[in-house]
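Here is how the chains run, residue by residue.
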Amino acid sequence: MTRRHRPAALLAGVSVLLLTAAGCSDLRSEIEAETGAGAAPTAAAPPAPSSVAPPSPSSPPTEATPAGCPPSGLDVVIGGEDAAMGHRVVTLKLWNCGSKPYRVKGHPGLELLDEAREPVDVEVTHKNEYTYTGRRDDRPRQLTLAPNATASAVLHWNNRVTSLDGAPTPGAHILVTPAPGEEPVSLPLPIDLGTEGTLDVTSWAADPVSGR
């Protein structure tokens, strides 16, 4: 009787198939490792939070004024001086050095200081006829100064000494307040104040525009 060896042959075939499958699996793993195929995609790392805080909506940016211009946008300078027969006349120039139009009306505020910047007793008036030379009247008018526009006021005093009771205290600085509520501007201005002890100043008047 002839023996049949079919089970052994089947076992051998199954072993070959298993080895072949294992070899294909190893080969596929190597190919995927080299090409990057089959790797699960990774999520991108979230960006690091910025250390700079965003601007607050409650604090809008402010408009900067030019260097040397007061925060109010108004500056005062000496525009010219004159003297005759004991009279002293100085022109004060109000300059809008800011970026916005500014409304002004009335007389500038004045305060006289000595060399030590101590107040000098002086009376400020608005009625001296000598001051109004070249002006029709001194009625305060509402002015709107455009950026870089100017207005003028005339300052007058009399340096005559008519009493021997003592020499008046001379002034060395003047504080000019362009308009009520604004910060005063300090100007070096020697004022040889006479015994009358008064300073007279006109209201602000618009300067003529060049070319008109």
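For the structure, check the block above.
**Focus: the environment of Thr-162**
Here Thr-162 shows up in the loop between strand E7 (150-158) and strand E8 (171-177). Note on Thr-162: relative accessible area 68%, which makes it exposed. Separated by 32 residues in sequence, Thr-162 and Gly-194 have C-alpha atoms that sit 7.9 Å apart.

**Some remarks on the sheet that holds E8**
Strand order in the open sheet formed by three strands is E4-E8-E9, with antiparallel pairing between adjacent strands. Sheet topology places strand E4 (109-113) and strand E9 (185-191) at the edges, where each strand pairs with a single neighbour. For this sheet the average axis-to-axis angle between neighbouring strands, irrespective of direction, equals 30 degrees. As judged from the five bridges shared by E8 and E9, these two strands associate in the antiparallel manner.

**A word on unusual backbone geometry**
In this structure, Arg-117 is a non-glycine residue whose phi angle is positive, near 60 degrees. At Asn-148, a residue that is not glycine, the phi angle is positive and equals roughly 75 degrees. Here Asn-148 lies in the loop between strand E6 (143-145) and E7. For Asn-148, a relative accessible area of 58% puts it in the exposed group.

**Some remarks on the state of the cysteines**
Should the sulfur atoms of two cysteines be covalently bonded, the bond is a disulfide. Inspection of every chain in the model, using the stated rule, returns one disulfide. Across the disulfide from Cys-69 sits Cys-97; the S-S distance is 2.0 Å. What sets the handedness of the Cys-69 and Cys-97 disulfide is the S-S torsion sign, and at about 75 degrees it is right-handed. Residue Cys-69 is located in the loop between helix H1 (6-35) and strand E1 (74-84), and its partner Cys-97 is located in the loop between strand E2 (87-96) and strand E3 (102-104); the two are separated by 28 residues in the primary sequence. An identical accessibility class is assigned to Cys-69 and Cys-97; each is buried.

**Let's talk about the pattern of salt bridges**
Applying the stated criterion to the full structure yields two salt bridges. Among the ionic pairs, Asp-192 bridges to Arg-88, the shortest N-O distance being 3.8 Å. Of this pair, Asp-192 sits in the loop between E9 and strand E10 (198-201) while Arg-88 sits in strand E2, placing them 104 residues apart in sequence. Under the relative-accessibility criterion, Arg-88 is labelled partly exposed at 24%. Between Lys-93 and Asp-207 there is a salt bridge whose closest N-O contact spans 2.9 Å. Residue Lys-93 is found in strand E2, and its partner Asp-207 is found in the segment after strand E11 (205-206); the two are separated by 114 residues along the sequence. Exposure remark for Lys-93: the relative accessible area of 24% places this residue in the partly exposed category.

**Let's talk about the side chain of Asn-159**
Within the secondary structure, Asn-159 is located in the loop between E7 and E8. At a separation of 3.0 Å, a polar atom in the side chain of Asn-159 contacts the side chain of Asp-192. Leave out the neighbours within four places in its chain, and Asn-159 touches Gly-86, Arg-88, Asp-192, Leu-193 and Gly-194.

**Notes on the pairing of E8**
Along E8, six of the seven residues are buried, which leaves the element largely enclosed by surrounding structure. Relative to E8, E4 runs antiparallel, the two being bridged by five bridges. When the bridges of E8 are listed, Leu-110 appears paired with Val-176.

Reading guide: rules and limits
- Residues numbered from 1 in each chain as written.
- Predicted model: local features only at pLDDT ≥ 70, side-chain atom pairs only at ≥ 80, totals over all residues.
- Heavy atoms only, no water.
- Helix = DSSP H or I, 4+ residues; strand = E, 2+ residues; numbered from the N terminus.
- Buried < 20%, exposed > 50% of the residue type's maximum accessible area, 1.4 Å probe, protein only.
- Pairing = 2+ DSSP bridges.
- Axes fitted to C-alpha atoms, helices over the stretch in contact; angles between N-to-C directions.
- Disulfide = S-S within 2.5 Å.
- Salt bridge = Lys/Arg side-chain N within 4 Å of Asp/Glu carboxyl O.
- Polar contact = N/O pair within 3.5 Å; in protein donor to acceptor, adjacent residues only side chain to side chain.
- Contact = heavy atoms within 4.5 Å.

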